[in-house]
Amino acid sequence: MADPLEDQINLIIDDIDAGIAGKYPFKLRDILEHPLDFKDRQYILAEVDKMKADADAYFQRRKAELAPVTASYAKDASKASNVSQALADEVKSAAKDAKKAVVKPLTYAHDDDSDEILFVDKVDDALPKVLDALAEDALFVIDLTLEIDNFKAGRWLFPGSSGKNRGIFVSFPINPSGALDIAREQMGLALDAVKSEIVAQLSIEGKTPVNPPATPAGRTASRR
């Protein structure tokens, strides 16, 4: 099965390459996939740095375009965070009445596909009764609440004596710029790795990377 994040990264690489077409004698995809093919270019490390700056500028433009949608996300995330806090109080109350412990582990290994999860976006009158039933049947209660962008995404699992996990998760919106942040970080790391690989290979060959000469004030450095 295709990795959605990998597919998005590939689309971003193509998008950046389209935007910087002709600016360099190689494409972003070329330098990422075959960095040593360009190790003998005189100022290759500086060119990679410039391409990294172009990539950063691309991500900044994309995030600016998403600003209205991101503002809507923040509003929805704040609402979900408030619901999570209210639900946390209800879960603690139900667990206390059922004399069950509430634990918050660093991690909890379980089969997500077999869990029975109820997603909610508000605390209505029926929910306390549902929590009471879940707590009564549970061995204990696991608090898996996450903090996302300084908001809380409430998640609780109720492992039953039969081995079945049942849970209640607060529906949380997707940050439209979150994937861009991840992609930007990965791109920066990948280009840093490209430079390291080139430097290592040049060192093996007994060569020293060359920095381009400083550009005099008022003049523009020519491309090589």
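Residues numbered from 1 in each chain as written. Predicted model: local features only at pLDDT ≥ 70, side-chain atom pairs only at ≥ 80, totals over all residues. Heavy atoms only, no water.

Caption draft 1: Inspection of the overall build of the chain at higher detail. Check the secondary structure of the chain and you find 6 helices and 7 strands. In sequence order, the secondary structure elements of the chain are arranged as α-α-α-α-β-β-α-β-β-β-β-β-α. For 224 residues, the compact-globule estimate of 2.2 N^0.38 gives 17 Å, and the C-alpha radius of gyration of the chain, at 26 Å, exceeds that figure by more than 25%. Looking at the 224 residues of the chain, the share that counts as buried comes to 33%. Look at the contacts in the chain between residues 6 or more apart in sequence, and 71% of them connect residues 24 or more apart. If you sum the accessible surface of the chain, you get close to 13,800 Å²; carbon and sulfur atoms cover 53% of it. Side chains of the chain give 29 positive and 38 negative charges; the mean places of these two sets differ by 6 Å. (Helix = DSSP H or I, 4+ residues; strand = E, 2+ residues; numbered from the N terminus. Rg over C-alpha atoms; globule rule 2.2 N^0.38 Å. Buried < 20%, exposed > 50% of the residue type's maximum accessible area, 1.4 Å probe, protein only. Contact = heavy atoms within 4.5 Å. Areas by Shrake-Rupley, 256 points an atom, 1.4 Å probe, with all protein chains shown as cover. Lys, Arg positive; Asp, Glu negative; His and termini not counted. Charge placed at Lys NZ, Arg CZ, Asp CG, Glu CD.)

Caption draft 2: Summary view of the packing of helix α3 (residues 44-65) against helix α6 (residues 178-204). Closest axis-to-axis distance for the α3/α6 pair is 10 Å, and the angle between their directions is 180 degrees. Considering the angle they form, α3 stands roughly antiparallel to α6. Along its contact with α3, which presents Ile44, Leu45, Val48, Asp49, Lys52, Ala55, Asp56, Phe59, Gln60, Arg62 and Lys63, the element α6 presents Leu180, Asp181, Ala183, Arg184, Met187, Gly188, Leu191, Asp192, Val194, Lys195, Ile198 and Val199. By residue class, the composition of the contact of α3 with α6 is 12 nonpolar, 2 polar and 9 charged. (Axes fitted to C-alpha atoms, helices over the stretch in contact; angles between N-to-C directions. Parallel < 35°, antiparallel > 145°, perpendicular 65-115°, else oblique. Nonpolar A, V, L, I, M, F, W, Y, C, P; charged D, E, K, R; others polar.)

Caption draft 3: Focus on the packing of aromatic side chains. For the structure on display, the rule yields 5 aromatic pairs. On the basis of an interplanar angle of 75 degrees and a centroid distance of 5.3 Å, the ring pair of Tyr58 and Phe59 is categorised as edge-to-face. Residue classification places Tyr58 among the buried positions, given a relative accessible area of 6%. Relative to Phe169, the ring of Phe119 has its centre 5.7 Å away and its plane inclined at 85 degrees; by these criteria the two rings are edge-to-face. (Phe/Tyr/Trp six-rings, centres within 6.5 Å; stacked < 30°, edge-to-face > 60°.)

Caption draft 4: Examining a nonpolar patch on the surface more closely. Judged by side-chain polarity, Val103, Leu139 and Phe140 come together as a nonpolar surface patch covering roughly 230 Å² of accessible area. Along the polypeptide, Phe140 turns up in the loop between α5 (127-137) and β3 (141-143). (Patch = residues over 30% accessible without salt bridge, like charges linked within 9 Å, V, L, I, M, F, W, Y side chains within 5 Å. Salt bridge = Lys/Arg side-chain N within 4 Å of Asp/Glu carboxyl O.)

Caption draft 5: Spatial organisation of the pattern of salt bridges. Under the counting rule described, the total for this entry stands at 16 salt bridges. A salt bridge links Asp14 to Arg29, with the shortest nitrogen-to-oxygen separation between them at 3.0 Å. Residue Asp14 is located in helix α1 (residues 4-19), and its partner Arg29 is located in helix α2 (residues 28-33); the two are separated by 15 residues in the primary sequence. Here the salt bridges do not stand alone but share partners, grouping Lys39, Asp40, Glu205 and Lys207 into one network.

Caption draft 6: Up close: the environment of Phe26. Its place among the elements puts Phe26 in the loop between α1 and α2. Between the C-alpha atoms of Phe26 and Ser203, which are 177 residues apart in sequence, the distance is 23 Å. In this structure Phe26 touches Ile31, Phe38, Arg41, Ile44, Glu47 and Met51, once residues within four positions along its chain are discounted.

Caption draft 7: Representation of the sheet that holds strand β1 (residues 102-103). Reading across from one edge, β1-β3-β6-β7-β2 is the order of the 5 strands in this open sheet, with mixed pairing throughout. The sheet terminates laterally at β1 and β2 (116-120), the two strands that pair on one side only. Relative to strand β7 (residues 165-170), β2 runs parallel, the two being bridged by 5 bridges. When the bridges of β7 are listed, Val120 appears paired with Val170. (Pairing = 2+ DSSP bridges.)

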